[in-house]
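Residue-level structure breakdown
Each chain is listed here by its residues.
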Amino acid sequence: MHFQRLEDLRIDSDKTQAEIADYLGCQREVYRRYEKGTRQIPIDFLINLSSFYGVSIDYLVGITDTKKPYPRNK
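Counting from 1, residues in each chain are numbered in the order their sequence is written. Only residues with pLDDT of 70 or above have their local features reported here, since the model is predicted, and side-chain atom pairs are shown and tallied only from 80 upward, although totals for entire chains, interfaces and linings are computed over all residues. With hydrogens and water excluded, all non-hydrogen atoms of the structure serve as input to the side-chain values.

**Quick look at the layout of surface pockets**
In this analysis a 1.4 Å probe is tested at points of a 1 Å grid over the protein atoms alone, and where it fits but cannot get out there is a cavity; an open set with protein on both sides within 12 Å along at least five of seven lines is a pocket; lining residues have an atom within 4 Å of a point. Grid points are joined across faces, edges and corners, and a volume is the space filled by probe spheres set on the points. Empty space within the largest pocket amounts to approximately 270 Å³. The wall of the largest pocket is formed by Ile47, Ser50, Ser51, Gly54, Val55, Ser56, Ile57, Pro69, Tyr70, Pro71 and Arg72. Secondary structure follows DSSP: runs of H or I at least 4 residues long count as helices, runs of E at least 2 residues long count as strands, and numbering of each begins at the N terminus. At three residues, the largest contribution of residues to the lining of the largest pocket is made by helix α4 (residues 43-53). Here the lining of the largest pocket is built from residues that sort into six nonpolar, four polar and one charged. Under the scheme applied here, ten amino acids are nonpolar (Ala, Val, Leu, Ile, Met, Phe, Trp, Tyr, Cys and Pro), four are charged (Asp, Glu, Lys and Arg), and all others, including Gly, are polar.

Dropping the structure here:
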């Protein structure tokens, strides 16, 4: 699966693949493969990226077009 939204959010945030890879603690090439869909992205990375970009995981993976994350449980 191609995660076009990962790439779009990164570009909209003026970040490089290397900067996001550093944030996640992985190599740039590994992150590039996540964006291109040639490597499955771990759930903890999806959680971190959804928090970083302020969107839901459902939005990141293309389940919904609504960016707003769900309210947190208190």
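**Looking at the packing of aromatic side chains**
The pairing test for Phe, Tyr and Trp rings, Trp by its six-membered ring, is centres within 6.5 Å, and the orientation test on the planes gives stacked under 30 degrees, edge-to-face over 60, and tilted for anything in between. This structure, assessed with the given rule, holds four aromatic pairs. With centroids separated by 4.7 Å and ring planes inclined at 45 degrees, the aromatic side chains of Tyr23 and Phe52 adopt a geometry described as tilted. Taken as a pair, Tyr23 in helix α2 (residues 17-24) and Phe52 in helix α4 lie far apart in primary sequence, 29 residues in all. Residue classification places Phe52 among the partly exposed residues on the basis of a relative accessible area of 32%. Note on Tyr31 and Tyr34: the rings are 6.4 Å apart at their centroids and 90 degrees apart in plane angle, and the pair reads as edge-to-face. Here Tyr31 and its partner Tyr34 are both found in helix α3 (residues 28-36), three residues apart, which amounts to about one turn of the helix. Under the relative-accessibility criterion, Tyr31 is labelled buried at 0%. What links up through ring pairs into an aromatic cluster is the set Tyr23, Phe52 and Tyr53. For a lysine, the NZ atom is tested; for an arginine, the CZ atom; a charge sits over a ring if that atom is within 6 Å of the ring centre and within 35 degrees of the ring normal. Here Arg5 stacks its cationic end above the ring of Tyr59, 4.1 Å away from the centre of that ring. Exposure categories follow from relative accessible area, calculated using a 1.4 Å probe and restricted to protein chains: below 20% of the type maximum is buried, above 50% is exposed, and the middle band is partly exposed.

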